Amino acid sequence: MSSNQPVISVRNVSKCFITYDKPHDRLKQALIPRIQRWSGKQPTTYGKEFWALRDINFDIHKGETVGIVGRNGSGKSTLLQIICGTLNPTLGKIETRGRVAALLELGSGFNPEFTGRENVYLNAAVLGLTHDEVNERFDAIAGFADIGEFLDQPVKAYSSGMAVRLAFAVQAQVDPDILVVDEALSVGDARFQAKCFERLRQLKENGTSILLVTHSSEQVVTHCSRAILLEKSKIEMIGESRQVINKYTDILFGRKSSPGTFKSLDLAELARTDAKFSVIDDDTLTFNDDAYASRIGYNPHEYRWGDGAASILDFHISANGRAFPNSIKSGEEITLYLAMKFNRLVVNPIIGFTLKTKEGVTVYGTNTYLLDCKTTEHLGLPGTSAIACLKFKNLLASGDYFISIGIASRTGEEAVPHDRRYDSIHIVVEPVDNLFGLIDLAATMEIKSVHTNV
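J.: Describe in detail the overall build of the chain, supporting the description with residues and values.
T.: For the chain, the count of helices and strands is 9 helices and 20 strands. Buried positions account for 46% of the 454 residues belonging to the chain. Nonlocal contacts in the chain, meaning residues at least 24 apart in sequence, comprise 73% of its contacts between residues at least 6 apart. When the accessible area of the chain is evaluated, it comes to approximately 23900 Å², of which 51% is carbon and sulfur surface.

Right, dumping it as structure tokens:
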């Protein structure tokens, strides 16, 4: 197999299911159209077409870990079943190269009457391993599953967590060329999940291609180099995992318009007003209309969208009084001012803040609702302006970080985004000699000598 030849190739794949309003319509569909065709009449259709997938195209290459995300009903599980061969596409073609191992649902492929030990041999045989090969790997499988004496009990007596432990242990230890995991890891406890992701890392280094379906955005950003977003049975976006997760978040929280729509709407409304702000806090800080993009630290690759009812126009960041620092030292206090304007009525606005690593892992996030900021209750009238001031101590390890900010409000349970600027401010933390990880927990350690008489 050529190194640049994809191990999974999906071309123009669509899948249609027939749904029926009444149970007897299914029987009618099986019999009456045949009789009508035999008699030369136009056959009647008693069911309705439901297209679970429409015109899906992508390639997965050797050693890639790709996440598949989307809302419930978007077609994720159907796509995986087609890739694994348990469903046939209505249209299009899928090619896979190499051994495929799949964890599509809990206990998939297990016989509930057999013991765990018997199911290990059965499941591994389905994946193409000989009895001797299973013998060689059995201890590793049993050790990974770590279900103790239940290994010799019928699977029907297992909890969902025990079933997925054993299923994943079998699939991961056969060293597949392609591993497909559909939400199964969400069942295990934290320690088991950590062990699973370590095994996924090892498989990836050995050249295994991994398809991971999960509702956990952090898992996709952390473990996947690329991601595929499905929405309404079609591919909405394919790309770098963090960008795809941003788009997925937009869909989850009710984006009604494209990012481009916000910009044109915002400028059209702001052109009619003068939006200059100033605040005094030791020094006089001047904020200018839509000067955000000219500030040091602004990330031109930010992802911005909203309905334009409010706008974040400018920011000012300082560390221990140093304005717009090129880098920030550990322990310094960071002060972030945000200038905003309300273009339409916003009831009880919520101003939010999130800090992420360059890989997209969330380090910290909060908002005025969580912090119980009562002052926001008096904001939101059309044409009014406001300045938010956020202060926090830099306890971060050295590296690059991105700040996301936004203004939203709530209508019942639904969040209404007005201006969201993801990854819009870039900060750099200077090297810290006595710290590794993401954040300084200011831990202390004390050791006392104990003297014993011998």
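J.: How would you summarise the sheet that holds strand 19 (residues 399-411) if you had to cite specific residues and measurements?
T.: Here 5 strands make up an open sheet; going across it, the order is 12-20-19-16-17 and the pairing antiparallel. Both edges of this open sheet fall to strand 12 (303-305) and strand 17 (362-367), since each of them pairs with a single strand only. Each strand of the sheet is rotated relative to its neighbour by a mean of 20 degrees, with strand direction disregarded. Of the strand pairs in this sheet, strand 16 (residues 350-357) and strand 17 are connected by 5 bridges, and their pairing is antiparallel. Note on strand 17: the bridge partner recorded for K356 is T362. On top of the sheet, helix 8 (residues 241-252) reaches strand 12, strand 16, strand 19 and strand 20 (414-429); it is set at about 155 degrees to strand 20, its chief contact.

J.: Give me the lowdown on the pattern of salt bridges, citing residues and values where you can.
T.: Inspection of the entire model under this criterion finds 15 salt bridges. The salt bridge involving K156 is made with E113; its shortest N-O contact spans 3.2 Å. Here K156, found in the loop between helix 4 (131-145) and helix 5 (160-173), pairs with E113, found in the loop between strand 5 (100-103) and helix 3 (116-126); they are 43 residues apart in sequence, far enough to count as distant. A relative accessible area of 51% means that E113 is categorised as exposed. The partner of R201 in a salt bridge is E205, with the nearest N and O atoms 2.5 Å apart. Of this pair, R201 and E205 both sit in helix 6 (residues 190-205), 4 residues apart, which is roughly one turn of the helix.

J.: Describe in detail the nonpolar core, supporting the description with residues and values.
T.: Of all hydrophobic cores here, the largest spans 44 residues; its most connected members are V69, V120, L166, F168, L179 and L200. Contact partners of L179, with chain neighbours within four places excluded, come to A101, Q171, L200, L203, T208, S209, I210 and L211. Ranked by size, the runner-up nonpolar core spans 32 residues in total, among them Y292, I312, L336 and L338.

J.: Quick one: what's the story with the sheet that holds strand 4 (residues 91-96), residue by residue and with numbers?
T.: The 3 strands lie next to each other as 2-1-4, forming an open sheet whose pairing is antiparallel. Looking along the sheet, the strands with just one partner apiece sit at the ends: strand 2 (48-60) and strand 4. Sheet twist, expressed as the average angle between the axes of neighbouring strands with direction ignored, equals 25 degrees. Taken together, the 9 bridges between strand 1 (residues 8-19) and strand 2 define a ladder with antiparallel strand orientation. What sits directly across from V13, in strand 2, is I56.

J.: Before we move on, can you summarise the packing of helix 3 against helix 4 with the specific residues and values?
T.: Packing of helix 3 against helix 4 brings their axes to within 10 Å, and their N-to-C directions diverge by 130 degrees. Regarding the angle of helix 3 to helix 4, the classification is oblique. Remark: the crossing between helix 3 and helix 4 carries right-handed chirality. Residues R117, V120, Y121 and A124 of helix 3 touch helix 4, and the partners they reach there are H131, V134, N135, F138 and I141. The residue inventory of the contact of helix 3 with helix 4, partitioned by class, reads 6 nonpolar, 2 polar and 1 charged.

J.: Can you break down the pairing of strand 16 residue by residue, with the values?
T.: When a strand is regular, its side chains alternate between the sheet's two faces. Here strand 16 lies mainly inside the structure; 7 of its 8 residues are buried. Of the pairings in the sheet, the one linking strand 16 to strand 19 comprises 8 bridges and is antiparallel in character. Looking across to strand 19, one finds that F353 is bridged to I405. Linking two consecutive strands that pair antiparallel, namely strand 16 and strand 17, is a turn of 4 residues; a positive phi of about 95 degrees is found at G360 within it.

J.: Give me the lowdown on the packing of aromatic side chains, citing residues and values where you can.
T.: Scanning the entire structure with this criterion turns up 9 aromatic pairs. For the ring pair F150 and Y158, a centre distance of 6.4 Å and an interplane angle of 85 degrees mean the geometry is edge-to-face. In this structure F150 comes out as partly exposed when scored by relative accessible area, which is 33%. In this structure Y158 comes out as buried when scored by relative accessible area, which is 10%. Both rings, one in F353 and one in Y364, keep their centres 6.3 Å apart while their planes meet at 55 degrees; by these two values the pair is tilted. Here Y364 lies in strand 17 and F353 lies in strand 16, a separation of 11 residues in the sequence. Members of the aromatic cluster, connected to one another through ring pairs, are Y292, Y298, F315 and F324.

The rules we used
- Residues numbered from 1 in each chain as written.
- Predicted model: local features only at pLDDT ≥ 70, side-chain atom pairs only at ≥ 80, totals over all residues.
- Heavy atoms only, no water.
- Helix = DSSP H or I, 4+ residues; strand = E, 2+ residues; numbered from the N terminus.
- Buried < 20%, exposed > 50% of the residue type's maximum accessible area, 1.4 Å probe, protein only.
- Contact = heavy atoms within 4.5 Å.
- Areas by Shrake-Rupley, 256 points an atom, 1.4 Å probe, with all protein chains shown as cover.
- Pairing = 2+ DSSP bridges.
- Axes fitted to C-alpha atoms, helices over the stretch in contact; angles between N-to-C directions.
- Salt bridge = Lys/Arg side-chain N within 4 Å of Asp/Glu carboxyl O.
- Core = buried A, V, L, I, M, F, W, Y, C linked by side-chain atoms within 4.5 Å.
- Parallel < 35°, antiparallel > 145°, perpendicular 65-115°, else oblique.
- Left-handed = near helix turned anticlockwise from the far one by under 90°.
- Nonpolar A, V, L, I, M, F, W, Y, C, P; charged D, E, K, R; others polar.
- Phe/Tyr/Trp six-rings, centres within 6.5 Å; stacked < 30°, edge-to-face > 60°.

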